[in-house]
Amino acid sequence: MGFKIAIFISGRGSNMREIVRACFKKKLKSSVELIVSNSNEAPGLYIPEIKDIDTLILDKNNIDDKSFYSLLNRSLKKKGIELICLAGFMKILKKQFIKKWKNKIINIHPSLLPAFKGLRPQHNAIQSKVKYSGCTVHYVNEKIDSGIIIDQDIIKVEDDDDEISLSKKILNKEHKLYIKVIRKLEDSYGKN
Ligand code: GRF
């Protein structure tokens, strides 16, 4: 079964683009019905692939939390959203919202969780001299980067890797992993 997906972004939007492309090319059964950005300066908003998708911009500098959630809830309901994919979304969602959407919000993080939660995980991986890193897709719960892990992919950290090169290698893996996980959720939906 496919989902009506909303993707939440704050920045570059490359994971968003990959999900949109996969839906468009029918590599997924789902459809992206809504893009939500909490920044009107997110470069991802200018990605051509999303030109025909409804976009909701709730700019962090111009909106209070109450209006944020009321406009967000209204749009999610109107669009009949069934799955929320966080893709570089830099706002911590409130508990009540997460509870309402339990097991329906997933996030991608550029480390092998539970290692290197939070900001700059690639930098922290380099600093810690780990030999392997990667990316994780997990359900979102009320603690940052701590929800149940759905899937992960690994990469070898080379001696000459720095934060930039490692981020690039992980991002390539992220693009594939996010699609793989959504497909897995599509396949398992209704079977449990
Ligand atoms: C990705 O590395 C993702 O794992 C993290 O934020 C970054 C977003 O990149 N949560 P993009 O906006 O999808 O290009």
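Because the structure is a prediction, the values reported are computed rather than measured. (Residues numbered from 1 in each chain as written. Predicted model: local features only at pLDDT ≥ 70, side-chain atom pairs only at ≥ 80, totals over all residues. Heavy atoms only, no water.)

(A) Quick look at the nonpolar core. With 37 residues, the main nonpolar core has Ile5, Ile7, Ile19, Val32, Cys85, Ile106 and Tyr178 as its most contacted residues. Of all the elements in the fold, those that place two or more residues in this core are strand 1 (4–9), helix 1 (14–24), strand 2 (31–37), strand 4 (83–86), strand 5 (105–109), strand 6 (132–139), strand 7 (149–156) and helix 5 (163–188). Counting residues per element, this core draws most heavily on helix 5, at eight residues. If near-sequence neighbours (up to four positions away) are discounted, Cys85 is found in contact with Ile5, Ala6, Ile7, Phe8, Ile19, Ile106, Tyr178 and Ile182. (Core = buried A, V, L, I, M, F, W, Y, C linked by side-chain atoms within 4.5 Å. Buried < 20%, exposed > 50% of the residue type's maximum accessible area, 1.4 Å probe, protein only. Helix = DSSP H or I, 4+ residues; strand = E, 2+ residues; numbered from the N terminus. Contact = heavy atoms within 4.5 Å.)

(B) View of the pattern of salt bridges. According to the stated counting rule, one finds 13 salt bridges in the structure shown. Two residues, Lys180 and Asp151, come together in a salt bridge whose shortest N-O distance is 3.0 Å. With Lys180 in helix 5 and Asp151 in strand 7, the pair connects residues that are 29 residues apart, well separated along the chain. Across the pair Lys169 and Asp161 runs a salt bridge, and its minimum N-O distance is 2.8 Å. (Salt bridge = Lys/Arg side-chain N within 4 Å of Asp/Glu carboxyl O.)

(C) Local environment of the site of the ligand. Around the ligand lies a shell formed by Arg12, Gly13, Ser14, Asn15, Gly88, Ile108, His109, Pro110 and Glu174. One of the backbone nitrogen or oxygen atoms of Gly13 is found 2.7 Å away from an oxygen atom of the ligand. Here Asn15 contributes a side-chain N or O atom positioned 2.9 Å from an oxygen atom of the ligand. Its free accessible area being 360 Å², the ligand has 86% of it covered by the protein chains. The set of elements that each furnish at least two residues to the shell around the ligand consists of helix 1 and strand 5. Looking at the shell around the ligand, its residues break down into two nonpolar, five polar and two charged. (Near = heavy atom within 4 Å. Polar contact = N/O pair within 3.5 Å; in protein donor to acceptor, adjacent residues only side chain to side chain. Areas by Shrake-Rupley, 256 points an atom, 1.4 Å probe, with all protein chains shown as cover. Nonpolar A, V, L, I, M, F, W, Y, C, P; charged D, E, K, R; others polar.)

(D) Summary view of the sheet that holds strand 5. In space, the seven strands of this open sheet follow the order 3-2-1-4-5-6-7, with mixed pairing throughout. The sheet terminates laterally at strand 3 (54–57) and strand 7, the two strands that pair on one side only. This sheet shows a mean twist of 20° between the axes of neighbouring strands, independent of strand direction. As paired strands, strand 2 and strand 3 are joined by four bridges and run parallel to one another. Within the sheet, the bridge partner assigned to Ile35 lies in strand 3 and is Thr55. The sheet strands contacting helix 2 (residues 65–79) are strand 1, strand 2, strand 3 and strand 4, and the helix crosses strand 2 at an angle near 170°. (Pairing = 2+ DSSP bridges. Axes fitted to C-alpha atoms, helices over the stretch in contact; angles between N-to-C directions.)

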